[in-house]
Amino acid sequence: MICVSLGRRSHSRMIGEHKQLVEEGAELVELRLDFIGRAVNLGRLLNDRPSPVVITVRRRQDGGRWTKSEQERLMLLRSAIVSGAEYVDIEADIASQIPRYGNTKRIISYHNFSETPDNLEDLHAAMSEEDADIVKIATMANSFDDNLRMFRLIRDAKIPTIGICMGEVGMITRLLAHRFGAPFTYATYSTDRKMAPGQLNWKEMSGMYDVRNIDDQTQLFGVIADPVGHSYSPLIHNTAFADQELNARYLPLRVAKDDLHRFMDGAREAGLNGISITIPHKETSLDYCTHAESSANGIGAINTLIFQDDEALGYNTDYRAAMDCILEKLERQELEREKSLQGVRAMVLGAGGVSRAIAWGLRQRGADVIVTSRTVERTMVLANELGCSSCPWEERHEQNVQLLINGTPVGMHPNLDTSPFNASALNQYMVVFDTVYNPENTLLVKYAKQAQCRVITGVDMFVRQAAYQYKLFTGNEAPIKLMRKTIKAATNPVQLN
């Protein structure tokens, strides 16, 4: 079950949004009374309420907005119980001052916005003694280990327990709460009204992730990145899973560069069957493979990892997708032939994981490749490892090439007015390939179209690499047309409601 948190300054807005949520299928709503800007009228909020409610009046020290006296707050909580609210959220340190009455259930809560403390079990045991129907612990996740500790706490608890790790690192605990035994999880009414760090909105939780139907048979996949909030991979994979009626979910997983080893050690315990890998983990993740396909070893980077029994199998679908796009645009028929790009002179902008994969694929097919990036050292390392030539970033416009590939994030949303390559250096005989997919029509793509170049967009590559991953994850052919339609709609600057 999903509890949707509502915090509005006026009673009428809170009542209206409560009704709207129930019409959309919400089963439980948290009314955050600390948000109301005037004297709280419990009768208005609770009489004729369309669904069960959790009444919460949160202090500032616990992330709330209550500014009046503590005695007034305690009286409001007691009044909510007398009024018959289904649940009342009571902080652990004041639980003894709020007696049980009637059928109202007591949620005994604790919040820590800086860390997930080492003594979670002791904390939980003490809270359980406060006449709790439900124990709720919300702490800040600073590493993937914090999520695992919270999952263990929920799973092993003798009393119903809601365990949430806050922040983007902890989003997995909100999405998998039911799977580990929590009675419900929390969502916010909308993205712009988050009540706590890392909270997802109601439509995402109930729609894209369908968290209410995640069970112990659900196959779990995800994307590891830092940051991860911008990724559209969860949207297109979950849309495809739903289309094919698969009991599977794809999750956003923020993993810091220095936390990768903890994630890899704990991924199976979290229930993950496979992951997509992006910045900044593509190269270092190769070290965690028990086996990797030859192209991944040649590239020195992976973007897909499958956990199969005790094995960790690495793949690079970036490379396959990019080669498909390039060979199709150049009308080369021998897609798998070693020298199918012989005679093509290409320049790759950037020296990260995507650039490495594309440069390797081009070299394998006989292309003459120049690499360049703002970082001289990374450029030289990549050129030497793959047998490419290189040029200084400042001299990139002076190179005579047929194929230009942007593997940098330059031009990505929200920096829409930047291009890694000048319009004046483009001509109609070039193929321009921009791997940025949000937006699809980057400034570089616009320049290329104006110069009458043949163009490959980031959406072309993104959908193809995702389709390869989908096949690795599920064994099914991906619904490519649906994936393409979904990503184009999501990145369209004109959004129709």
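Up top you'll find the structure we're talking about.
Just so it is clear, the structure is predicted and the values come from calculations on it, not from any experiment.

Trainee: Could you give an account of helix α11 (residues 317–329), with specific residues and numbers?
Mentor: Here α11 is 13 residues long and its end C-alpha atoms lie 18 Å apart, about the 18 Å a rise of 1.5 Å per residue gives. With 10 of 13 residues buried, α11 is to be regarded as a mostly interior element. Residues of α11 that are buried: T317, D318, Y319, A321, A322, M323, D324, C325, I326 and L327. Looking at where α11 begins, the residue whose side-chain oxygen comes 3.2 Å from the main-chain nitrogen of D318 is N316. At the exit of α11 stands E331, carrying a positive phi of roughly 60°.

Trainee: I'd like a rundown of the pattern of salt bridges, residues and numbers included.
Mentor: One pass over the full model with this rule turns up 32 salt bridges. A salt bridge links R73 to E70; the shortest N-O distance between them is 2.9 Å. Here the residue R73 and the residue E70 both occupy positions in helix α3 (residues 70–82), the gap between them amounting to 3 residues, near one helical turn. Judged by relative accessible area, which is 0%, R73 ranks as buried. Close ionic contact of K282 with D318 constitutes a salt bridge, the shortest N to O distance being 2.5 Å. With K282 in the loop between β11 (272–277) and β12 (291–292) and D318 in helix α11, this pair connects stretches of sequence that are 36 residues apart. In terms of burial, K282 and D318 fall into one category: buried. Within the structure, one salt-bridge network assembled from shared partners comprises R58, R59, D62, E70, R73, D89, E91, D93 and K136.

Trainee: Now, about the pairing of strand β4 (residues 87–91): what can you tell me, with residues and values included?
Mentor: With 5 of 5 residues buried, β4 lies mostly within the body of the structure. With burial as the criterion, each face of β4 is covered, one bearing Y87, D89 and E91 and the other bearing V88 and I90. Where strand β3 (residues 53–56) lies against β4, 2 bridges are found, and the strand directions are parallel. Across the sheet, V54 pairs through a bridge with Y87, a residue of β4. Handedness of the crossover is the feature at issue here: the chain leaves β3, passes through α3, returns alongside β4, and the resulting connection is right-handed. As defined by bridge partners, β4 adjoins strand β5 (residues 105–112) across 5 bridges and the pair is classed as parallel.

Trainee: Provide a residue-level description of the sheet that holds strand β20 (residues 454–456), including the pertinent values.
Mentor: Pairing is parallel across the open sheet formed by 6 strands, whose spatial order is β17-β16-β15-β18-β19-β20. At either margin of the open sheet sits one strand with a lone partner, and together these are β17 (389–390) and β20. As paired strands, strand β19 (residues 431–434) and β20 are joined by 3 bridges and run parallel to one another. The residue of β20 that forms the bridge with V431 is R454. Along the sheet, helix α12 (residues 353–364) contacts β15 (345–349), β16 (368–372), β18 (403–406) and β19; its crossing angle with β15, the most-contacted strand, is approximately 165°.

Trainee: I'd like to hear about the nonpolar core, residue by residue, with values.
Mentor: Core analysis: the largest hydrophobic core is formed by 102 residues, its most contacted members being L31, L33, I55, I224, F263, I275 and L305. With 7 residues, helix α15 (residues 458–474) is the largest single contributor of residues to this core. Apart from the residues within four sequence positions on either side, L305 is in contact with M264, G274, I275, I277, C289, A312, L313 and G314. Of all hydrophobic cores here, the second largest spans 34 residues; its members include M323, A359, L362 and V369.

Trainee: Tell me what's going on with the environment of S355, and back it up with residues and numbers.
Mentor: By the element assignment, S355 lies in helix α12. Residue classification places S355 among the buried positions, given a relative accessible area of 0%. Here the alpha-carbon distance between S355 and A182, two residues 173 residues apart in the chain, equals 43 Å. Each residue touching S355, except ones within four places of it in the same chain, is listed here: V348, L349, G350 and G407.

Trainee: Could you give me a rundown of the packing of helix α8 (residues 233–243) against α15, with the residues and numbers involved?
Mentor: Each pair of packed helices can be summarised by the angle the axes make with each other and by the distance between the axes. Close contact between α8 and α15 brings their axes to 11 Å; oriented N to C, the two are set at 50°. For the element pair α8 / α15, the angle class is oblique. In terms of crossing hand, the pair formed by α8 and α15 is right-handed. Contact with α8, carried on its side by S233, I236, H237, A240 and F241, involves F462, A466, Q469, Y470, F473 and T474 of α15 and no other residues of that element. Taken together, the residues that form the contact of α8 with α15 break down as 7 nonpolar, 4 polar and no charged.

Trainee: Hey, could you go over the packing of aromatic side chains for me, with residue numbers and the actual values?
Mentor: In total, this model carries 11 aromatic pairs according to the counting rule given. Following the ring pairs from residue to residue traces out a cluster consisting of F221, F241, Y250, Y470 and F473. Its guanidinium or amino end placed over the ring of Y186, K136 lies 4.3 Å from that ring's centre, counting from NZ or CZ.

Trainee: Report on the sheet that holds strand β7 (residues 161–166), specifying residues and quantitative values.
Mentor: Two pairing modes exist for strands in a sheet, parallel and antiparallel, and in both the strands are linked by backbone hydrogen bonds. Pairing is parallel in the open sheet, where 8 strands are placed in the order β7-β6-β5-β4-β3-β2-β1-β8. Two strands lie at the open edges of the sheet, namely β7 and β8 (185–188), each paired on one side alone. Between one strand and the next, the sheet's axes are offset by a mean angle of 25°, whatever the strand orientation. Of the strand pairs in this sheet, strand β2 (residues 28–32) and β3 are connected by 4 bridges, and their pairing is parallel. Directly across from L31, in β3, lies its bridge partner I55.

Trainee: How would you summarise the pairing of strand β13 (residues 304–308) if you had to cite specific residues and measurements?
Mentor: Within β13, 4 of the 5 residues are buried, which leaves the element mostly enclosed by the surrounding structure. Examined bridge by bridge, β11 and β13 share 3 bridges and lie antiparallel to one another. Bridge pairing links I275 to L305 in β13. Note that β13 and strand β14 (residues 311–315) share 5 bridges and pair antiparallel. Bridged to L305 within β14 is G314. The hairpin formed by β13 and β14 contains 2 residues between the paired strands, and D309 there has a positive phi angle of roughly 55°.

Calculation criteria
- Residues numbered from 1 in each chain as written.
- Predicted model: local features only at pLDDT ≥ 70, side-chain atom pairs only at ≥ 80, totals over all residues.
- Heavy atoms only, no water.
- Helix = DSSP H or I, 4+ residues; strand = E, 2+ residues; numbered from the N terminus.
- Expected span 1.5 Å × (residues − 1).
- Buried < 20%, exposed > 50% of the residue type's maximum accessible area, 1.4 Å probe, protein only.
- Polar contact = N/O pair within 3.5 Å; in protein donor to acceptor, adjacent residues only side chain to side chain.
- Salt bridge = Lys/Arg side-chain N within 4 Å of Asp/Glu carboxyl O.
- Pairing = 2+ DSSP bridges.
- Right-handed = clockwise from strand over helix to strand, strands pointing away.
- Contact = heavy atoms within 4.5 Å.
- Axes fitted to C-alpha atoms, helices over the stretch in contact; angles between N-to-C directions.
- Core = buried A, V, L, I, M, F, W, Y, C linked by side-chain atoms within 4.5 Å.
- Parallel < 35°, antiparallel > 145°, perpendicular 65-115°, else oblique.
- Left-handed = near helix turned anticlockwise from the far one by under 90°.
- Nonpolar A, V, L, I, M, F, W, Y, C, P; charged D, E, K, R; others polar.
- Phe/Tyr/Trp six-rings, centres within 6.5 Å; stacked < 30°, edge-to-face > 60°.
- Lys NZ or Arg CZ within 6 Å of the ring centre and 35° of its normal.

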